[in-house]
Amino acid sequence: MAGFHRGLVITPGTERQLGACGLFRPSPSQRDVLPLPTGPLAVRGADPDILWVGFAELCSASRTAADYLLLAQRFPALVVDGIPSPSAETAASKAGWQRFQALLDVLHGQDITPFLIAPGPLGSPFGEPEGSAHGEVGAVLSLIGERLSMLRRIESDEQLADEQSGGC
């Protein structure tokens, strides 16, 4: 079942969308803290088959590729929710986007299935936020866009009616 290319970008991440894909938000009792080389990581759920973690927790701290590799070696699938739109006022910092790109590179290299949940459209292609300086941020967002282009998108509940009834 694992495989990077089996991953999905899901917006806005309704319960119906998630359920159709076999994903169910973890309950508060499933929260956990995982030890990682750069420090503990608070997660929403850590079942043997899937890790559920927020973008802010995973990409806002000083995480490294070693952290992401350790997670990829332990979990065959990763759900990352709360991914901001790069054009939103609450978009991640340049360092946050770099960590997200590093995460995607590790998941791709280790052939781990990503389920990426964003409350709003991430854009296609994943472009540089309006008004931002060209250069480093734009280059990182372009690399993220390349990885995201490998994944199927579920962008509305209505789209599910067009999909096969066997789920995502």
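Keep in mind the model is a prediction, meaning the values are calculated, not measured.

J.: Could you clarify how one ought to interpret the overall build of the protein chain in this entry?
T.: Helix and strand counts for the protein chain come out as six helices and eight strands. Each helix and strand of the protein chain, ordered N terminal to C terminal, gives the series β-α-β-β-β-β-α-α-β-α-β-α-β-α. The buried share of the protein chain, reckoned over its 168 residues, is 43%. Long-range contacts, defined here as pairs at least 24 residues apart, represent 71% of the contacts in the protein chain between residues at least 6 apart. Accessible surface for the protein chain amounts to roughly 8400 Å². Of this, 53% is attributable to carbon and sulfur atoms.

J.: Which parts of the structure should I look at to understand the sheet that holds strand β4 (residues 45-47)?
T.: The strands that make up a sheet are held in pairs by hydrogen bonds between backbone atoms, and each pair lies either parallel or antiparallel. The strand order β4-β5-β6-β7-β1-β8 describes an open sheet built from six strands, whose pairing is mixed. Lying at the two open borders of the sheet, with one neighbouring strand each, are β4 and β8 (152-154). Across the sheet, the mean angle from the axis of one strand to that of its neighbour is 15 degrees, orientation sign disregarded. As paired elements, strand β5 (residues 50-54) and strand β6 (residues 77-81) share four bridges and run parallel to each other.

J.: Which parts of the structure should I look at to understand the packing of aromatic side chains?
T.: Centre distance and the angle of the planes are the two values used to describe a pair of aromatic rings. Per the stated rule, a full pass over the model turns up three aromatic pairs. With a centroid separation of 5.5 Å and 50 degrees between ring planes, the pair formed by F55 and W97 is classed as tilted. One end of the pair, F55, is in helix α2 (residues 55-59); the other, W97, is in helix α4 (residues 94-109), with 42 residues separating them in the sequence. The exposure classification of F55 matches that of W97, with both residues buried. Between W97 and F100, the aromatic rings sit 6.1 Å apart at their centres with planes inclined by 70 degrees, giving edge-to-face as the arrangement. One end of the pair is W97 and the other is F100, both in helix α4 and three residues apart, which spans about a single turn. Following the ring pairs from residue to residue traces out a cluster consisting of F55, W97 and F100.

J.: How should I be thinking about helix α3 (residues 65-74) in this particular structure?
T.: Spacing of three or four residues puts side chains on the same side of an α-helix, whose turn is 3.6 residues. Along α3, the residues that are buried comprise D67, Y68, L71 and A72. Here the buried residues of α3 occupy an arc of 135 degrees about the axis, which is enough to place them on one side.

J.: When you look at the nonpolar core in this model, what are you seeing that I'm missing?
T.: What tends to happen in soluble globular proteins is that the nonpolar side chains get buried as a cluster. Core analysis: the largest hydrophobic core is formed by 34 residues, its most contacted members being L58, V80, I83, W97, F100 and L116. When contributions to this core are tallied by element, the ones reaching two or more residues are β3 (41-43), β5, α2, α3, β6, α4 and α5 (136-148). Of all hydrophobic cores here, the second largest spans 12 residues; its members include C21, W52, V79 and I154.

J.: In this structure, what is going on with unusual backbone geometry? I would like to understand it.
T.: With the exception of glycine, the majority of residues adopt a negative phi angle, and the majority of peptide bonds are in the trans configuration. Between T11 and P12 the backbone carries a cis peptide bond, its omega angle lying at 0 degrees. Even without being a glycine, D111 presents a positive backbone phi close to 55 degrees. Tracing the chain through its elements places D111 in the loop between α4 and β7 (113-117).

J.: Can you walk me through the packing of α3 against α4 in this structure?
T.: To characterise two packed helices, one gives the angle between the axes of the helices and the distance between these axes. Look at α3 against α4: their axes get within 9 Å of each other, and the N-to-C directions meet at 35 degrees. Considering the relative orientation of α3 and α4, their crossing is right-handed. Together, A65, Y68, L69 and A72 of α3 and R99, A102, L103, V106 and L107 of α4 make up the contact between the two elements. When the residues that make up the contact of α3 with α4 are grouped by side-chain class, the tally is eight nonpolar, no polar and one charged.

Conventions adopted
Residues numbered from 1 in each chain as written. Predicted model: local features only at pLDDT ≥ 70, side-chain atom pairs only at ≥ 80, totals over all residues. Heavy atoms only, no water. Helix = DSSP H or I, 4+ residues; strand = E, 2+ residues; numbered from the N terminus. Buried < 20%, exposed > 50% of the residue type's maximum accessible area, 1.4 Å probe, protein only. Contact = heavy atoms within 4.5 Å. Areas by Shrake-Rupley, 256 points an atom, 1.4 Å probe, with all protein chains shown as cover. Pairing = 2+ DSSP bridges. Axes fitted to C-alpha atoms, helices over the stretch in contact; angles between N-to-C directions. Phe/Tyr/Trp six-rings, centres within 6.5 Å; stacked < 30°, edge-to-face > 60°. Arc of directions from axis to C-beta. Core = buried A, V, L, I, M, F, W, Y, C linked by side-chain atoms within 4.5 Å. Left-handed = near helix turned anticlockwise from the far one by under 90°. Nonpolar A, V, L, I, M, F, W, Y, C, P; charged D, E, K, R; others polar.

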